[in-house]
Amino acid sequence: MAKGFSKKELEKMLTDTLIPVEPNQDYLSRLQARLVTYRGRSPVNGWMIVAILATAALIAISALGLVMRILVALGGFVGILLNRRRSRSRVDMLTT
Amino acid sequence: MALAKIAGTDSEAFGELYDRHVRRIYNYIYYRTGNHHDAEDLTARVFQRALRHVGSFEDKGVPFTAWLYRIAHNLVANWHRDRSRRPVVPLDQHVAVSEIAVHPEVEAIAHEEQGILLEAVRKLPDDRQQLLILKFVERMSNAQIGEVMGRTEGAIKSLYHRTLNTLRVDVSELEKKSKGS
């Protein structure tokens with residue numbers, strides 16, 4: 001590299017140095033596939049939102065039904081216990 | 001340009017734009033970052049951002065190519081800012097050049113010269129680096145560079161001459177340093 005090189009020499013050096021590089025072909029293919037997938041996953045897909053909301057609603061309803069059944073069963077169990085106590089106390093009163 | 005208008009809703013149109021521009025954007029980022037790893041990462045980000053916003057793209061005197069370059073330019077600027085906070089040394093900055101050297105027989109000498117020149121180019125301000133990459137790697141005319149950089153053709157011509165003058169001085173100084181060490 002000459003000490004005081006001319007503009008043309010510098011341009012020649014730049015032409016030889018700044019040359020296009022070729023990206024990895026696998027990388028280019030993967031990126032293209034990812035961009036297509038990315039688009040598919042965008043929140044614009046309305047059907048996916050509807051499906052998620054419907055599933056959430058079904059799960060909530062079934063969970064609520066289960067809770068109600070457990071509450072009713074507990075209530076019944078408590079009722080049975082109270083009845084037994086009452087009947088025992090009546091028997092005790094009659095015997096005394 | 002019509003392709004850019006429908007690319008917001010049409011995957012194939014976006015794929016076509018991707019095929020046309022990905023190598024240019026990759027090359028631009030590669031020469032701005034100096035390594036393939038970051039070039040791949042940032043190129044992916046450019047196209048992800050383009051995909052998100054291509055629907056709102058309107059040709060208001062700025063072509064789609066220039067729009068993409070501006071996204072790339074902003075991401076590279078952010079990358080340099082983040083990197084200045086935690087500096088790292090790129091390992092493959094000269095390897096790629098030697099891999100594609102036109103004259104293998106003078107590779108050893110050319111390798112050193114190119115290394116010095118690349119070092120000098122990377123020390124230039126952002127806009128001057130961008131100008132040199134667009135001119136020498138992308139082979140763009142001054143008018144095209146002006147569109148990308150948002151300047152007039154005359155301003156690009158003037159910036160180019162100032163850049164070459166600065167580069168001549170910088171390369172001579174770097175050469176002196178390398179010979180002295």
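Residues numbered from 1 in each chain as written. Chains lettered and ligands numbered in written order. Predicted model: local features only at pLDDT ≥ 70, side-chain atom pairs only at ≥ 80, totals over all residues.

Points about the overall build of chain B
Along its length, chain B carries 9 helices and 0 strands. Tracing chain B from N to C terminus, the helices and strands come up as α-α-α-α-α-α-α-α-α. Residues classed as buried in chain B amount to 29% of the 181 residues present. For chain B, restricting intrachain contacts to residue pairs at least 6 apart in sequence, the fraction spanning at least 24 positions comes to 58%. (Helix = DSSP H or I, 4+ residues; strand = E, 2+ residues; numbered from the N terminus. Buried ≥ 20, exposed ≤ 12 C-beta atoms within 10 Å, placed from the backbone. Contact = placed C-beta atoms within 7 Å.)

Notes on the overall build of chain A
Scanning chain A from terminus to terminus reveals 3 helices and 0 strands. Here chain A holds 96 residues, and the buried ones make up 6% of them.

What to know about the nonpolar core
As a rule of thumb, soluble globular proteins bury nonpolar side chains together. Ile25(B), Ile29(B), Ala72(B) and Ile133(B) are the most contacted members of the largest nonpolar core, which totals 41 residues. Counting residues per element, this core draws most heavily on helix α2 (residues 11-33) of chain B, which supplies 9 residues. Setting aside residues up to four positions removed in sequence, Ile133(B) forms contacts with Leu18(A), Tyr28(B), Tyr31(B), Arg32(B) and Glu138(B). (Core = buried A, V, L, I, M, F, W, Y, C linked by C-beta atoms within 7 Å.)

A look at the interface of chain A and chain B
Between chain A and chain B, the residue contacts involve 23 residues of the former and 33 residues of the latter. Elements with a minimum of two residues in the side of chain A that touches chain B: α1 (7-17) and α2 (25-40) of chain A. A total of 8 residues in the side of chain A that touches chain B trace back to one element, the largest contributor, which is α2(A). Looking at the side of chain A that touches chain B residue by residue, the classes come out as 16 nonpolar, 3 polar and 4 charged. (Nonpolar A, V, L, I, M, F, W, Y, C, P; charged D, E, K, R; others polar.)

A look at unusual backbone geometry
Despite not being glycine, Arg139(B) shows a phi value in the positive range, around 55°. Looking at the element boundaries, Arg139(B) is found in the loop between α7 (126-137) and α8 (142-149).

As for α2(B)
Residue and element names in this part refer to chain B. Of all the bends in α2, the largest measures some 45° and sits at His21. Along α2, the residues classified as buried are Phe14, Leu17, Val22, Ile25, Tyr26, Asn27, Tyr28, Ile29, Tyr30, Tyr31, Arg32 and Thr33. Just downstream of α2, Gly34 is the residue with a positive phi angle, here 85°. (Bend = angle between axes of the 7 residues up to and from the residue.)

Observations concerning helix α4 (residues 64-85) of chain B
Working note: α-helix, 3.6 residues per turn, so residues spaced by three or four point in the same direction. All names here are of chain B. Along its 22 residues, α4 runs 32 Å from first to last C-alpha, staying within 8% of the 32 Å computed at 1.5 Å per residue. For α4, the set of buried residues is Thr65, Leu68, Tyr69, Ala72, His73 and Val76. Down the axis, α4 shows its buried residues gathered within 140° of arc, on one side only. Seen from the open side of α4, the exposed residues pointing more than 90 degrees away from its buried face are Asn74, Ala77, Asn78, Arg81, Asp82 and Arg85. (Expected span 1.5 Å × (residues − 1). Arc of directions from axis to C-beta.)

Section: the packing of α2(B) against α4(B)
Residues and elements named next belong to chain B. Closest axis-to-axis distance for the α2/α4 pair is 10 Å, and the angle between their directions is 35°. Crossing angle aside, the handedness with which α2 passes α4 is right-handed. Here Leu17, His21, Ile25, Tyr28, Ile29, Arg32 and Thr33 of α2 lie close against α4, whose contacting residues are Phe64, Thr65, Leu68, Tyr69, Ala72, Val76 and Trp79. Looking at the contact of α2 with α4 residue by residue, the classes come out as 10 nonpolar, 3 polar and 1 charged. (Axes fitted to C-alpha atoms, helices over the stretch in contact; angles between N-to-C directions. Left-handed = near helix turned anticlockwise from the far one by under 90°.)

Brief notes about the confidence of the model for chain B
Residue and element names in this part refer to chain B. In this model, chain B carries a mean pLDDT of 83, and residues with pLDDT of at least 70 account for 79%. Across chain B, element-level confidence peaks in α7 with a mean pLDDT of 93 and bottoms out in helix α5 (residues 95-99) with 46. Overall, residues 93-101 carries pLDDT values under 50, and its contacts beyond four positions in sequence, including any with other chains, amount to 17 contacts. Under the prediction, the complex receives an ipTM of 0.75, its pTM being 0.68. (pLDDT = per-residue confidence, 0-100.)

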